[in-house]
Each structure stands twice: as C-alpha cells, then as structure tokens.
Amino acid sequence: MGSKTPDGHHRGHKESSACAAVASINPPKPAAASGLLPGTLEGQDEDGDDDDDTIRAELKFEGHQTISKKKRKKSSKSKKKKAPSLQQTSPPRVALDNLFQHQPYPEGEIVEHVIKNENLQRTTAEEDRHLSIVNNMDDEYLNDYRKAAEVHRQVRQYAQTIAKPGISLSHLAQEIEDGVRALTGHHGFETGDSLKAGPGFPTGLCVNNVAAHWTPNPGGKDVILQHDDVLKVDFGVHVNGRIVDSAFTVAFNPVYDNLLTAVKAATNTGLRATGIDARIDHISADIQEVMESYEVELHGKTFPVKAVQNITGHNILRYKIHGDKQVPFVKTKTAQRMEEGDVFAIETFGSTGKAYLRDDVGVYGYGRKENVSSAGLRYASAKSLLRTIDENFGTLVFSRRYLEHIGVRNYHLGMRELIANGIVETYAPLVDISGSYVAQYEHTVLLRPNCKEVISRGDDY
Ligand SMILES: [Co+2]
C-alpha cells in the first residue's frame, strides 16, 4: 500500500499516545530521524552516479531468487515427510499452524549487508531507540513476520490463478481476504480477533489508470476484469501487528510487458539499494533511473515509462502501515537514511500517463489517528463505532467490507462524525489521467542487524 505524498504542509506528523498500546510499541523518534525535507519533491538532485551499476547489479540480483527458491523447496519436502496428509487446498483454507506444525516458517530472501558507513554518527537517544527495536527482532518477531509472508505467498499464488478476464473484482477481493483469514487462523468474528492476525489493510485492486487505493465496497458498482486491463493486486497480511505489504501487477495483453518489466526492475533496484545507513535520496535516484530507461508502445505510439511522483514506499511500524519515512521513486533532496531495525515496504509505480496522481471520488479505507481526542463526540453512534474500531482494528487501515465482515451496519453517520473530528482519516483512490496505464510491484524488507531479509519474496516476483 503506497504512501501518498502530502499535498499541504502537514508532512511528517508526530506520533503520540491516544492509542496507548500502539504508541508504546512504536516509540517516538527524534525529529532528525524522520521526514523528507520540506518541498523536496520539486527539487532535482544533481548527482547521477552509479547509472551503469544499477543495471548490472539488477541482473545479479535475480540470482538470489534461485537460492531462496531452493530453500523453500527443501522445507516443503520435509513438510511432506512429517505430515503427508496436510497440504494447502485450492482455494487456500488450511491454517498455516496446521501446515507447519513443528517447523519454522520459510525465510524470505536473505541478502548480506553491503559495507556499513562507519563514519555515520548517531546520537545516544537514537542509538537507544535502535537497540530496543533491534532487540525486538527476536525469534518471535521473525516467526510472526515469516508467517505473515508465507500467508501472503500462498494466498497470492491462488489469486494469480483466478485473476483472469471475466472475474469480478469484489469476488477476487473476497477470495484474497477469506484466504488470509483462513491461513492466519483468525476469522475476526470475536471482538479483537482481527488484531491478532488477518488482513493488514484493504485489498487494493486497481485497474489501468487507477494507480492505488481502490477496493470494491459493499453496494458499489462491481468491476469485471477485461483482457486489455492492467490490474495491480496490493494486499497486506499481519500477524500480531507485523504487517507484510506486497503487490504485483497482472496483464494479459503482451503490449504491457515492458511496463511490467520496468516496474519490476525498478522495485528490485530499490530492494537492492535498501540497507542499513543507505541514503534514501540515492535509492530514489537509482529507482528512477531504471524505471525511466523503458518505453511502451501502445496503438502505434511510444510512451516513456515514468516514475510516479507523488506516492512513495514507506517504512512500516507495528500495526501502522505508514511509518515516518518515505522512499520516493523520483530524485529528492533529503539526508535521511535507513536504519538498523527498520522495516520498509519498497514499492514503485510506473505510468504511461502524467505520473502525477490525483484523488478520485470514493473511499478506499479508514485509519484511526492516534493522537486525537474523542471528547468532542456528540452522537452515540460515533462513540460506539469508535469503540468497535479501537477493539478490532486499532491503527490498522480497514475498509467498509472489513466493517461489514464483523457485523457492523449503518456506520455511515457515525463515521462521518469521526472523520469530521479528525479521529479517523480516509484514503481516496489515486488515479493518473484517463487512458493511461500504471503498474506496481512491492516487497517488504527487514533491516536485520546482520542481513536484510526480503520477507515477501517468492518464486513469482
Ligand atoms: Co505499501
């Protein structure tokens, strides 16, 4: 799920403590460690080094997939030996706890860190914060993250078999969400169950010039996938608040091949450049360079693939899909670096259109804001809806379909008051110009002390 670049001046909002559980899990950072420099997206960075390396290293990068592929094959072999009767079904409905009874979940793609910048100085406060985060990257943490990633892989594998021309997008969303709930073993029906594990955010199913943040809503018009469509499938899985955010693009007409290849290569470039102490402006420049080296021919006309300017990759905090760092796909001016203990969703969007997204009508999802008082609420409907949100979603972004799944009805009036009071924020669909095509690829990567782990890596992308 992409992080939209703020329109106004409220960039880098501060965390505080209204949702105490989440705030204490994600301790606030010193201001120096967060936020892009104001106005950076318009600015152009001068240095354009490492251009050739990007492409060469991209080829090398593909080699890693073989390794992780072998690892997973090995573990599925031993799984067969121990429990021959338990295999994933189609559609996937067997909980992972039953598939992996006495075995660890498969690792993501493990990549050794490149040289660390020894000259970098951190303040003591920052160091303390990092120690606490890194100490939390223990076995339980990794187990939760790897479980969420394996659920993502198994569910998307099935999604790829049914995402064909003629399918309705509400059916596809339902299949993805039912799969995630069954495989995590948390259907969400009891109060608080969705906070233990389940969907990490509303399932994004965006077609053609709709780039991000569109999901089928109950009672809304259903969209039937067409042969000439370009579909982005962006969904999340969380286990104990550890969110895996990963996305891919589906197209049936080979005319879009270059668009998909460009965006996949750009995302892999970003993943390769990601690391402890890596400068975010350098990563963005690397991504843009690769993305914009491609072009697409549609109806006899050539379109350059452009990196989308106003949506970004982002760090992920516990129960919080968008942390305080953004990773743009266009050159920016920031001195911000990635840090040990960070979790990043590295995603890129490429477009044949303007590559500048605007809000469309409609609602994708809702997110509880942590630091806003509910004292001013007047209607009982708003108060009870807020209680339901806090008990079941916390700061996880949720959709209307997720509310209805847990039996909430007639929430529109209450929601309106929560939004008007700034307690809940809404996410609108983000679109490029009509007639354009946007593709997206995304993986979640953990910056562990001794390696980075592309946790959501699979054989498919
Ligand atoms: Co994302």
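What counts, and where the lines are drawn
In this convention, every chain numbers its residues from 1, walking through the sequence in written order. Totals for whole chains, interfaces and linings use every residue, but because this is a predicted model, local features are given only for residues with pLDDT of at least 70 and side-chain atom pairs only at 80 or more, for both listing and counting. UniProt positions are given in the numbering used here, feature names are shortened, and annotations may be inferred rather than shown by experiment. By definition, any uninterrupted DSSP run of H or I lasting at least four residues is a helix, any uninterrupted run of E lasting at least two residues is a strand, and each is numbered from the N terminus. Whether two residues are in contact is decided by their C-beta atoms, placed from the backbone, lying within 7 Å. The term nonpolar core means buried Ala, Val, Leu, Ile, Met, Phe, Trp, Tyr and Cys residues held together as one set by C-beta atoms within 7 Å. A residue is called partly exposed when the number of other C-beta atoms within 10 Å of its own lies between 12 and 20, exposed at 12 or fewer, and buried at 20 or more, with C-beta atoms placed from the backbone. Segment limits for the domains were obtained from an automatic or database-derived domain assignment. Strands were regarded as paired on the criterion that DSSP finds at least two bridges between them. In this description, a line fitted to the C-alpha atoms serves as the axis of each element, helices being fitted only across the stretch in contact, and the angle between N-to-C directions of two axes falls anywhere from 0 to 180 degrees. An angle counts as roughly parallel when it lies under 35 degrees, as roughly antiparallel when it exceeds 145, as roughly perpendicular when it falls between 65 and 115, and as oblique in every other case. Polar here means any residue other than Ala, Val, Leu, Ile, Met, Phe, Trp, Tyr, Cys and Pro, which are nonpolar, and Asp, Glu, Lys and Arg, which are charged; Gly is therefore polar. In this scheme the handedness of a crossing depends on how the near helix is turned from the far one: anticlockwise by less than a right angle means left-handed, clockwise means right-handed.

Within an unreviewed UniProt entry, the label attached to the chain reads Methionine aminopeptidase 2, and the organism entered is Pleomassaria siparia CBS 279.74. Of the comments in the UniProt record for the chain, the one headed Function (unreviewed entry) reads "Cotranslationally removes the N-terminal methionine from nascent proteins. The N-terminal methionine is often cleaved when the second residue in the primary sequence is small and uncharged (Met-Ala-, Cys, Gly, Pro, Ser, Thr, or Val)."

(A) Quick peek at the UniProt feature "binding site: a divalent metal cation 2" (unreviewed entry) in the chain. Feature annotation in UniProt places "binding site: a divalent metal cation 2" (unreviewed entry) on Asp245, His314, Glu347 and Glu442, given in this structure's numbering. Maximum C-alpha separation among the annotated residues is 10.7 Å over a sequence range of 198 residues, consistent with a single clustered spot. Looking at where His314 falls in the secondary structure, it is placed in strand β11 (residues 311-315). Filtering out sequence-adjacent residues up to four positions away, His314 remains in contact with Ser3, His322, Gly323, Lys325, Gln326, Val327 and Ala345. If you trace the backbone, Glu347 turns up in strand β13 (residues 343-351). If near-sequence neighbours (up to four positions away) are discounted, Glu347 is found in contact with Gly2, Ala247, Thr267, Gly313, Gln440, Tyr441 and Glu442.

(B) Spatial organisation of the nonpolar core. Counting 102 residues, the largest nonpolar core has Ala211, Val233, Leu259, Val263, Met291 and Val308 as its most contacted members. At eight residues, the largest contribution of residues to this core is made by helix α8 (residues 257-273). Summarising the domain contributions, this core has at least three residues from each of domain 1 (110-117 + 124-363 + 432-454) and domain 2 (365-427). Apart from the residues lying within four places of it in its own chain, the contact partners of Val308 are Ala211, Phe329, Phe349, Gly350, Ser351, Ala355, Leu357 and Val438.

(C) Fine view of the UniProt feature "binding site: substrate" (unreviewed entry) in the chain. Summarizing the sequence annotation, UniProt attributes the feature "binding site: substrate" (unreviewed entry) to His213 and His322 in the numbering used throughout. In terms of the greatest pairwise C-alpha distance, the residues named above, spread along 110 residues, form a tight cluster of at most 13.5 Å across. Turning to its location among the elements, His213 is positioned in the loop between β5 (210-212) and β6 (230-239). For His213, a count of 28 C-beta atoms within 10 Å translates into the label buried. Sequence-distant contacts of His213, defined by excluding residues within four places in its chain, comprise Gly204, Tyr364, Tyr427, Ala428, Pro429 and Leu430. Residue position: His322 is located in the loop between β11 and β12 (326-327). Under the C-beta neighbour-count criterion, His322 is labelled buried, with 21 such atoms within 10 Å. Ignoring anything within four residues of it in the chain, the contact list for His322 reads Ser3 and His314.

(D) The arrangement of the pairing of β11 in detail. Counting buried positions along β11 yields five of five residues, so the element is predominantly enclosed. The sheet contact formed by strand β1 (residues 3-4) and β11 spans two bridges and is antiparallel. Looking across to β11, one finds that Ser3 is bridged to Thr312. Two strands pair when backbone bridges link them, and β11 and β12 are joined in this way by two bridges, in the antiparallel orientation. For His314, the partnering residue across the bridge sits in β12 and is Gln326. Relative to β13, β11 runs antiparallel, the two being bridged by two bridges. If you follow His314 over to β13, its bridge partner there is Ala345.

(E) Fine view of the packing of helix α10 (residues 380-392) against helix α12 (residues 412-420). Relative to each other, α10 and α12 sit at 80°, their axes nearing to 8 Å. Classified by the angle their axes make, α10 and α12 are roughly perpendicular. Between α10 and α12, the residues in contact are Ser381, Ala382, Leu385 and Leu386 and Leu413, Gly414, Met415, Glu417 and Leu418, respectively. A class-by-class count of the residues in the contact of α10 with α12 yields six nonpolar, two polar and one charged.

(F) Inspection of the packing of α8 against helix α9 (residues 280-291) at higher detail. Interhelical geometry of α8 versus α9 gives an angle of 155° and a closest axis separation of 8 Å. On the basis of their axis angle, the class for α8 and α9 is roughly antiparallel. The way α8 lies across α9 gives a crossing that is right-handed. Side by side, α8 and α9 meet where Ala262, Val263, Ala265, Ala266, Thr269, Gly270 and Ala273 of the first sit next to His282, Ile283, Asp286, Ile287, Val290 and Met291 of the second. In terms of residue class, the contact of α8 with α9 is made up of nine nonpolar, three polar and one charged.

(G) Representation of the pairing of strand β19 (residues 451-454) in the model. Relative to β19, strand β2 (residues 109-112) is paired through four bridges, and the arrangement is antiparallel. Note that in β19 the partner of Glu109 across the bridge is Val454. With three bridges joining them, strand β18 (residues 438-447) and β19 adopt antiparallel strand pairing. Along β19, the bridge assignment pairs Val445 with Val454.

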